2 protein chains.
Amino acid sequence: MATKIKDLDGLRRSRCAAANTLDLIGDKWSLLVIRDMLYGKRTYGELLDSPEGIPTNILAERLKRLEQAGIIVSTAYQERPVRYAYTLSAKGAAMGDILLALVRWGKEHIPGTLVLKATKPGATQSKPARRAKAPRAD
Amino acid sequence: MATKIKDLDGLRRSRCAAANTLDLIGDKWSLLVIRDMLYGKRTYGELLDSPEGIPTNILAERLKRLEQAGIIVSTAYQERPVRYAYTLSAKGAAMGDILLALVRWGKEHIPGTLVLKATKPGATQSKPARRAKAPRAD
């Protein structure tokens, strides 16, 4: 680990698999967006309605970044105005294991934390993307 | 998940265990510092000597923050000038599971990544803390 690796083939900081994963989702919000999508949320409005209150500019930026990384896929579900639904790719859904590890650690080491249960997305949102999925992740 | 939780008992964004864990280590560097400590690095100089080239100001800030969170423990191993050795608490060592999940995801989904093998800490370093490195900020 102490030696510098010179030829990174386009990787950013090192060849370390953990470092490269953190380059994609190493921030306070990306994995929460992925959590919400694992729970079945799909529209921008649904994702915005997180208990953490993600700021709209951060959500927009993260969705763009996660899509560029192939973690999520967007599909227009409406035209004029165009609106997108977001779903996890297989690669994105595989991040569930990372979330699970975070949840386990938090539950064990941070008093007062919970495994949040999903509410039915759409319950708080009248329009689009009526999802019904009873996901339980996180 | 759609409802806001009002009484957070001092938690920051929600009661979600994942969100609270991310409040502690949701960035590009903290888990890499923890990775290096899991590999046996202990001194500031050893930790600075990561393949990712952690900038010294970021390392100092993260060590302080991780110590405040009870994830690492510092002990003075030398006086005049005082120098500290850092070790993971049990709570910190338990973050190994999070790292493992990141590593697994990265190895599977990011071509060219590896599970970096630890080198013996100190092998590349005679005196702690003398670092000259081309920092790369985040």
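Residues numbered from 1 in each chain as written. Chains lettered and ligands numbered in written order. Predicted model: local features only at pLDDT ≥ 70, side-chain atom pairs only at ≥ 80, totals over all residues. Heavy atoms only, no water.

**Notes on the overall build of chain A**
So, point 1. Looking only at helices and strands, chain A features six helices and two strands.
So, point 2. Ordered by position from N to C terminus, the α and β elements of chain A give α-α-α-α-β-β-α-α.
So, point 3. By residue count, 51% of the 138 residues in chain A fall in the buried class.
So, point 4. A separation threshold of at least 6 residues defines the contact pool for chain A, and within that pool the share at least 24 residues apart is 50%.
So, point 5. In the form shown here, chain A has an accessible surface area of approximately 6600 Å², with 53% of it arising from carbon and sulfur atoms. (Helix = DSSP H or I, 4+ residues; strand = E, 2+ residues; numbered from the N terminus. Buried < 20%, exposed > 50% of the residue type's maximum accessible area, 1.4 Å probe, protein only. Contact = heavy atoms within 4.5 Å. Areas by Shrake-Rupley, 256 points an atom, 1.4 Å probe, with all protein chains shown as cover.)

**Re the relation of the copies chain A and chain B**
So, point 1. With an RMSD of 0.0 Å, the fit of chain A onto chain B corresponds to turning through 180 degrees and sliding 0.0 Å along the axis. Taken together, the turn and the small shift mark the pair as related by a two-fold rotation axis. Residues of chain A ranked by C-alpha distance from the rotation axis are headed by D27 of chain A, positioned 2.2 Å from it.
So, point 2. A symmetric contact is evident, with 97% of the interface residues of chain A recurring at the interface of chain B. (Least-squares fit on C-alpha atoms with pLDDT ≥ 70 in both.)

**Section: the pattern of salt bridges**
So, point 1. For the structure shown, the criterion picks out 16 salt bridges over all chains.
So, point 2. Among the ionic pairs, R62 of chain B bridges to E61 of chain B, the shortest N-O distance being 2.7 Å.
So, point 3. E61 of chain B sits in the partly exposed class, given a relative accessible area of 34%.
So, point 4. Residues joined in a network through salt bridges with shared partners are D27, E61, R62 and R65 of chain A. (Salt bridge = Lys/Arg side-chain N within 4 Å of Asp/Glu carboxyl O.)

**Section: the environment of E46 of chain A**
Residues and elements named next belong to chain A.
So, point 1. Along the polypeptide, E46 turns up in helix 3 (residues 44-48).
So, point 2. Through-space distance from the C-alpha of E46 to that of I72 is 15 Å; in sequence the pair is 26 residues apart.
So, point 3. Within polar-contact distance, the side chain of E46 engages the backbone nitrogen of R42 at 2.6 Å. (Polar contact = N/O pair within 3.5 Å; in protein donor to acceptor, adjacent residues only side chain to side chain.)

**A word on the pairing of strand 2 (residues 83-88) of chain A**
If a strand is regular, its side chains alternate between the two faces of the sheet.
All names here are of chain A.
So, point 1. Sheet topology places strand 1 (residues 72-78) next to strand 2; six bridges connect them, and they run antiparallel. By the bridge assignment, T75 is partnered in strand 2 with A85.
So, point 2. Where strand 1 hands over to strand 2, the hairpin turn is made up of four residues, of which R80 adopts a positive phi near 45 degrees. (Pairing = 2+ DSSP bridges.)

**A closer look at the interface of chain A and chain B**
So, point 1. The interface of chain A with chain B comprises 58 residues on the first partner and 58 residues on the second.
So, point 2. Counting each side, the surface lost to burial between chain A and chain B is near 5100 Å², with a carbon and sulfur contribution of 68%.
So, point 3. Joining chain A to chain B, the criterion identifies zero salt bridges.
So, point 4. The tally of links from chain A across to chain B stands at 17 residue pairs in polar contact (both at pLDDT 80 or more).
So, point 5. Broken down by secondary-structure element, the contributors of at least two residues to the side of chain A that touches chain B are helix 1 (17-25), helix 2 (30-38) and helix 6 (96-109) of chain A.
So, point 6. The greatest single-element share of the side of chain A that touches chain B, amounting to 10 residues, is contributed by helix 6 of chain A.
So, point 7. Across the side of chain A that touches chain B, the residue classes tally to 30 nonpolar, 12 polar and 16 charged. (Buried area = accessible area lost by both parts, 1.4 Å probe. Nonpolar A, V, L, I, M, F, W, Y, C, P; charged D, E, K, R; others polar.)

**As for unusual backbone geometry**
So, point 1. Going from R80 of chain A to P81 of chain A, the amide bond is cis rather than trans, its omega being -10 degrees.
So, point 2. Positioned with a positive phi, R80 of chain A is a non-glycine residue whose angle comes to about 45 degrees.
So, point 3. As for its placement among the helices and strands, R80 of chain A is situated in the loop between strand 1 and strand 2.
So, point 4. The backbone of D9 of chain B sits at a positive phi, close to 45 degrees, despite the residue not being glycine.

**Quick word on the environment of Y77 of chain A**
Residues and elements named next belong to chain A.
So, point 1. Note that Y77 resides in strand 1.
So, point 2. Of the residues examined, Y77 reaches a relative accessible area of 31% and is grouped as partly exposed.
So, point 3. It is 19 Å that separates the C-alpha atoms of Y77 and Y39, two residues lying 38 residues apart in sequence.

**Re the packing of helix 2 of chain A against helix 6 of chain A**
Residues and elements named next belong to chain A.
So, point 1. Contact geometry of helix 2 with helix 6 gives a least axis separation of 10 Å together with a crossing angle of 110 degrees. Here helix 2 is positioned roughly perpendicular relative to helix 6, judged by the angle of their axes. Contacts between helix 2 and helix 6 involve L31, I34, R35 and L38 on the former and, on the latter, G96, I98, L99 and L102. (Axes fitted to C-alpha atoms, helices over the stretch in contact; angles between N-to-C directions. Parallel < 35°, antiparallel > 145°, perpendicular 65-115°, else oblique.)

**Observations concerning the nonpolar core**
So, point 1. Counting residues in each nonpolar core, the largest one holds 68 residues, and the members touching the most others are L31, I34 and I71 of chain A together with L31 and I71 of chain B.
So, point 2. Here I71 of chain B is in contact with W105 of chain A together with L24, I25, I34, L66, T87, L88, S89, K91, G92 and M95 of chain B, once residues within four sequence places are set aside. (Core = buried A, V, L, I, M, F, W, Y, C linked by side-chain atoms within 4.5 Å.)

**Some details on the environment of L66 of chain B**
Residue and element names in this part refer to chain B.
So, point 1. Take L66: it is sitting in helix 4 (residues 56-68).
So, point 2. Under the relative-accessibility criterion, L66 is labelled buried at 2%.
So, point 3. Apart from the residues lying within four places of it in its own chain, the contact partners of L66 are I25, S30, V33, I34, I71 and I72.

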